[in-house]
Amino acid sequence: MRYRRKGKFPVSQTICERNLRGRVAWLRKELNRHAHAYHTLDAPLIPDAEYDRLFRELQRIEERYPALLVSDSPTHRVGGGLLSRFEPVRHAIPMRSLQNALSPAEVEAFDRRIAESLAVSEGVYSAELKFDGLAVSLRYEDGNLIRAATRGDGLAGEDVTANIRAIRGIPPYLPDMPVPSVLEVRGEVLMFKADFVRLNEQQRREGLKEFSNPRNAAAGSLRQKDARITAKRALHFFAYSVALAEGLALPPTQSDTLGCLKGLGIPVCDRHRVVRGVSGMMGFFQDVQAEREQLPYEIDGVVYKVDAFQEQDKLGFLSRVPRFAVAHKFAPQEALTKVLGIDVQVGRTGVLTPVARLQAIFVGGVTVTNATLHNEDEIRRKDVWIGDTVIVRRAGDVIPEILASVSERRPKDARPFVMPQECPVCGAPVAREEDGIAVRCSGGWMRCAAQKKSGLQHFVSRKAMDVEGLGEQLIEQLVDKGVINNVSDLYRLDMDGWCSLARMAEKSARNIMEALQRSRQTTLARFLYALGIRHVGESTAHTLADYFGTLTAIAGATAAQLCEVTDVGPVVAASVRAFWDNPDNVRLVEALKSGGITWEERAGARQDDAVLPLSGRVFVLTGTLESMTREDAAERIQRMGGRVSGVVSARTTDVVAGQNAGSKLRKAEQLGIAILGESDFLQLTHHDQN
Ligand code: IVH
């Protein structure tokens, strides 16, 4: 099945009715097919946002042409069909869905409708998280959990009682206190993000199919015929409403009911609050959106429910959704787009990286036009061909990625990607790395312009030689025009040379020359890092500089001697050795030195890290420090023998937390790692600063 057209279907008078009928039939068929894949098979074929788009299109047409409405339209139903594995359960009260608001304007319209219907100036709402899991209904009779069911088609679901009993957080019976004789609680079963990653790692190890997201993993784990498998999967439950309570009155508001459920030992998420009107709703939405990435589970928006049940009853229901509640969804983080081509980029160390050129798509708040595909293996795993429709995801500040291709939308003229045998920039043959995955250009920085340019960029970058004002475009020009051939030529270029470049004013040229002059006086660690030796990052450069003290000592060290240094293993040692064994590199370093680059050497240093005050400690810096930049703080730590890492892990010994420290601080607290404030840090590193 191919989609007939992309983009919004124009509902206009010009479309003749036959076309419209065809479109409606097609939309219904598609929506049914996708609802089945999502709800029944736990294996969606398209992103939620795409489903919502089709759904809204059908809804709009039906609103406008009521003659086309049929009672079993997907717009009137909830969820998919039932899987025959489980016994059907008829819900005492239907499990409905929610109307969506996708913009502030739609939230405003919702509040206006509520206020008008209730004859008040603004609504009072219980604002809650919209959990991205699967809905279940739990029935307690006389305090005992007797039945649990999935939503199914909204009227009848599947009996998953045994599986629900296997979820640790759900109480099999209520505490010994007055409780309703019948209590039906509705809520969401979720898998936390960390557990999802762990489960998929295990599935991969065992050669089993991976789940596409935590929601499908939760659904797949709950709907196991063998509840012992469910028990092994870490599932959570959050209650969000009471559908039925007999024999004992519950509080008169939604917010207090949540508190009451919590009092009964039923898990309720604490992140809910009572808000008033549009400003209250938008405030909650923005707060939650800012926290979203840090939450341990996935949410796809927030829900506002009129808080007083009396008012809810007045408002009542539309066919499939309550009038008194709305789901305010986040901008979709996944969207469909087309792969226009797959380009190959050559990195600093010559690695060839395929990058997908995409039809521009707005996703996760930005327009995305390309996404790295990392390597050939990745392309094969995700089955991405040129011409394919793919699912693109962009969450938070994370770079956009292609999740998978939609195989059923592959056009006839799609082509698979083939890794070139020659470097697309310099034409040198490529060779596969020992890991069997990466492919590298054999031209080296001397022959390959791509490597030369990125090597230059790295050399002048802030953490390396820190030459201000020398951007990517200037470097392109310098190399393409043949003005320079390597980094040492930068220091030989005179005023005329700089001024010969396009769009280069005399003042900028002078600034660059001054910046180059300043960079001549550097440190051994910076210089070593600037050389761009494979596997020698900032931290390793510091370690090597501290240990050996001079460049000559490093260049002369054998692989075995290099391996004596803490954190230097055989791979790094071999790479350092290979660098110095290449005469091109030795000549380049000599040229740089004769170009005036100097640093302080510590002859005969060979200092083992163990004698330095911060040896063996691994620091993570987070938040903003008042008295210095993060780079300065890192340099202090490294100078004193400590290591600096970007991620908090079990190996981290100290976390330095500045202003507005975020998730790293929380993780450190969870792991019980020592946390230093700015003043603690200054005190710790003080004696090194004279
Ligand atoms: S209330 C009568 N509250 O969203 C409507 N639903 O699109 C009852 N959901 O089927 C739903 N978080 O699976 C409600 N805090 C929340 C929710 C929530 C997630 C799900 C639920 C529902 C779907 C509607």
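Now for a look at the structure at hand.

Conventions adopted
- Residues numbered from 1 in each chain as written.
- Predicted model: local features only at pLDDT ≥ 70, side-chain atom pairs only at ≥ 80, totals over all residues.
- Heavy atoms only, no water.
- Axes fitted to C-alpha atoms, helices over the stretch in contact; angles between N-to-C directions.
- Helix = DSSP H or I, 4+ residues; strand = E, 2+ residues; numbered from the N terminus.
- Left-handed = near helix turned anticlockwise from the far one by under 90°.
- Contact = heavy atoms within 4.5 Å.
- Nonpolar A, V, L, I, M, F, W, Y, C, P; charged D, E, K, R; others polar.
- Core = buried A, V, L, I, M, F, W, Y, C linked by side-chain atoms within 4.5 Å.
- Buried < 20%, exposed > 50% of the residue type's maximum accessible area, 1.4 Å probe, protein only.
- Near = heavy atom within 4 Å.
- Polar contact = N/O pair within 3.5 Å; in protein donor to acceptor, adjacent residues only side chain to side chain.
- Areas by Shrake-Rupley, 256 points an atom, 1.4 Å probe, with all protein chains shown as cover.

**Comments concerning the packing of helix α19 (residues 538-548) against helix α24 (residues 630-639)**
Part 1: The contact between α19 and α24 brings their axes to 10 Å, and the two run at 35°. Taken as a pair, α19 and α24 cross one another with a handedness that is right-handed. On the side of α19, the interface is formed by Ser-539, His-542 and Asp-546, while α24 contributes Glu-635, Gln-638 and Arg-639.
Part 2: The residue inventory of the contact of α19 with α24, partitioned by class, reads no nonpolar, three polar and three charged.

**Side note on the nonpolar core**
Part 1: Residues Phe-459, Leu-470, Leu-490, Trp-498, Phe-527 and Leu-544 are the most contacted members of the largest nonpolar core, which totals 53 residues.
Part 2: Top element by residues in this core is helix α18 (residues 524-530). It accounts for six residues.
Part 3: What Phe-527 contacts, discounting residues up to four positions off in sequence, is Phe-459, Met-465, Thr-522, Leu-551, Val-589, Leu-592, Ile-597 and Trp-599.
Part 4: Core analysis: the next-biggest nonpolar cluster, separate from the first, contains 32 residues, Leu-134, Ala-148, Leu-174 and Leu-222 among them.

**Re the site of the ligand**
Part 1: Taken together, 14 residues sit near the ligand, with Leu-129, Arg-151, Glu-188, Tyr-240 and Lys-305 positioned nearest.
Part 2: At 2.9 Å, a backbone N or O of Leu-129 approaches a nitrogen atom of the ligand.
Part 3: The side chain of Glu-188 places a nitrogen or oxygen atom 2.7 Å from an oxygen atom of the ligand.
Part 4: Within the complex, 88% of the 520 Å² of free accessible area of the ligand lies under protein.
Part 5: Mapped onto the shell around the ligand, the elements with two or more residues apiece are β3 (124-131) and β10 (299-306).
Part 6: Considering every element that reaches the shell around the ligand, the biggest residue donor is β3, with four residues.
Part 7: Split into classes, the residues belonging to the shell around the ligand amount to seven nonpolar, one polar and six charged.

**Side note on α19**
Part 1: In terms of burial, α19 is a largely internal element, ten of the eleven residues being buried.
Part 2: Restricting attention to buried positions, one finds in α19 the residues Ser-539, Thr-540, Ala-541, His-542, Thr-543, Leu-544, Ala-545, Asp-546, Tyr-547 and Phe-548.
Part 3: Contacts from the buried residues of α19 go to α18, α20 (551-556), α21 (559-563), α22 (570-581), α24 and β24 (643-645).
Part 4: Within two residues after α19, Gly-549 carries a phi angle of roughly 80°, on the positive side.

**Observations concerning unusual backbone geometry**
Part 1: In this model, Ala-119 sits at a positive phi of 55°, which is unusual for a non-glycine residue.
Part 2: Position of Ala-119 relative to the elements: it lies in the loop between α3 (104-118) and β3.
Part 3: What makes Ala-119 exposed here is its relative accessible area of 69%.
Part 4: The backbone of Asp-567 shows a phi angle near 70°, a positive value even though the residue is not glycine.
Part 5: In this fold, Asp-567 is placed in the loop between α21 and α22.
Part 6: Among the residues examined, Asp-567 registers a relative accessible area of 44% and is labelled partly exposed.

**Some points on the packing of α24 against helix α26 (residues 678-685)**
Pairs of packed helices are described in terms of their axes, by the angle between the two and the distance that separates them.
Part 1: At their nearest, the axes of α24 and α26 sit 11 Å apart, and the two run at 40° to each other. In this structure, the crossing between α24 and α26 has a hand that is left-handed. Between α24 and α26, the residues in contact are Ala-633, Arg-636 and Ile-637 and Phe-681, Leu-682 and Thr-685, respectively.
Part 2: Considered class by class, the residues forming the contact of α24 with α26 number four nonpolar, one polar and one charged.

None of the figures reported here should be taken as evidence of function without further support.
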